[in-house]
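Now for the letters of each chain:
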Amino acid sequence: MKPFIQATLLASLLIGSQASARTVSDVEVTEQLSVANQTLQLNGAGVRSKFFMDLYVGSLYTPSQVSNTQAVLDADIAAIRLNITSGLITSDKMHDAIIEGFESATNDNMAPIQPEIDAFMALFTAEIVEGDQFTFEAQKGLGVTAYKNGEKQATIEGEAFRQALLNIWLGDKPAQKSLKKAMLAL
């Protein structure tokens with residue numbers, strides 16, 4: 001009987017540890033993210049795909065669990081992380097997709113934040129390869145600090161820009177509805 005109990009306990013521990021790990025499309029998604037001297041929790045993660053191909057894993061980190069876009073916009077800090085899973089994503093394709101996202105997020109009125117968008121887009125001139133990771137730390141009232149593979153690239157100031165960037169993935173016309181749903185853990 002004793003070996004049976006030990007085997008049962010071992011099995012439950014293994015199952016429990018697998019359940020706490022988050023793997024999305026073969027990408028290990030961290031449960032916590034430290035940004036701006038604050039620890040954020042994984043709110044949700046999902047896959048951005050196009051034409052049946054996975055392009056990246058997008059994850060949302062917030063101070064506490066939220067289930068709607070307004071709560072993310074109202075938070076003092078939030079972060080979106082993109083883990084590139086496809087070699088088909090190039091700098092040009094990323095540029096075009098983000099511009100399209102800003103168009104949707106601003107209802108085709110990018111003019112008020114065009115200088116910020118231009119500065120942000122300059123971050124995507126270097127080659128993008130499968131395995132690259134982008135993190136966008138969005139601080140209310142400050143703007144967005146962008147990181148590539150853990151290295152700080154730039155801070156783009158402006159609250160309107162911060163909201164527009166978050167709305168690319170979480171707004172009324174998101175990059176992909178299923179990704180928005182997964183990031184908001186709906």
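Only a predicted model underlies this, so the values are computations on that prediction, with no experimental measurement involved.

A. Structural detail: the overall build of the chain. Regarding its fold elements, the chain presents 6 helices and 9 strands. In the chain, buried positions account for 42% of the 186 residues. Considering only intrachain contacts with a sequence separation of at least 6, the fraction spanning at least 24 residues in the chain is 53%. Per element, the accessible surface of the chain, about 10000 Å² overall, is 53% carbon and sulfur.

B. Seen up close, the packing of helix H3 (residues 91-105) against helix H4 (residues 114-121). The N-to-C vectors of H3 and H4 enclose an angle of 155°; their axes lie 11 Å apart at closest approach. Taken together, the axes of H3 and H4 are roughly antiparallel relative to one another. Handedness of the crossing formed by H3 with H4: right-handed. Contacts from His95, Ile98, Ile99 and Phe102 of H3 reach H4 at Ile117, Phe120 and Met121. Here the contact of H3 with H4 is built from residues that sort into 6 nonpolar, 1 polar and no charged.

C. Layout of the pairing of strand E8 (residues 143-148). Burial of E8 is extensive: 5 of the 6 residues sit out of reach of the surface. Relative to E8, strand E7 (residues 133-139) is paired through 6 bridges, and the arrangement is antiparallel. Its bridge partner being in E8, Ala138 is matched across the sheet by Val144. If you look at the hairpin formed by E7 and E8, you'll find 3 residues sitting between the two strands, and Gly141 has a positive phi there, around 85°.

D. Seen up close, the sheet that holds strand E4 (residues 38-50). Sheet architecture is open: 7 strands sit in the order E3-E4-E5-E6-E7-E8-E9, paired in antiparallel fashion. In this open sheet, the two edge strands, each paired with only one partner strand, are strand E3 (32-35) and strand E9 (151-157). Each neighbouring strand pair of the sheet contributes to a mean axis angle of 25°, computed without reference to strand direction. Two strands pair when backbone bridges link them, and strand E5 (residues 53-62) and strand E6 (residues 77-84) are joined in this way by 6 bridges, in the antiparallel orientation.

E. Structural view of unusual backbone geometry. At Asp26, a residue that is not glycine, the phi angle is positive and equals roughly 65°. Mapped onto the secondary structure, Asp26 falls in the loop between strand E1 (23-24) and strand E2 (27-28).

F. Spotlight on the pattern of salt bridges. Per the counting criterion, the structure on display carries 3 salt bridges. In this structure, the salt-bridge partner of Asp132 is Lys148, at a minimum N-O distance of 3.7 Å. Placement of the pair is Asp132 in the loop between H4 and E7 and Lys148 in strand E8, with a sequence separation of 16 residues. The two residues Asp132 and Lys148 agree in class, both being buried. The salt bridge involving Arg162 is made with Glu159; its shortest N-O contact spans 2.6 Å. You can see Arg162 and its partner Glu159 sitting in helix H5 (residues 159-170), 3 residues apart, about one turn around the helix.

What counts as what
- Residues numbered from 1 in each chain as written.
- Predicted model: local features only at pLDDT ≥ 70, side-chain atom pairs only at ≥ 80, totals over all residues.
- Heavy atoms only, no water.
- Helix = DSSP H or I, 4+ residues; strand = E, 2+ residues; numbered from the N terminus.
- Buried < 20%, exposed > 50% of the residue type's maximum accessible area, 1.4 Å probe, protein only.
- Contact = heavy atoms within 4.5 Å.
- Areas by Shrake-Rupley, 256 points an atom, 1.4 Å probe, with all protein chains shown as cover.
- Axes fitted to C-alpha atoms, helices over the stretch in contact; angles between N-to-C directions.
- Parallel < 35°, antiparallel > 145°, perpendicular 65-115°, else oblique.
- Left-handed = near helix turned anticlockwise from the far one by under 90°.
- Nonpolar A, V, L, I, M, F, W, Y, C, P; charged D, E, K, R; others polar.
- Pairing = 2+ DSSP bridges.
- Salt bridge = Lys/Arg side-chain N within 4 Å of Asp/Glu carboxyl O.

So yeah, pure geometry; function would need other evidence.
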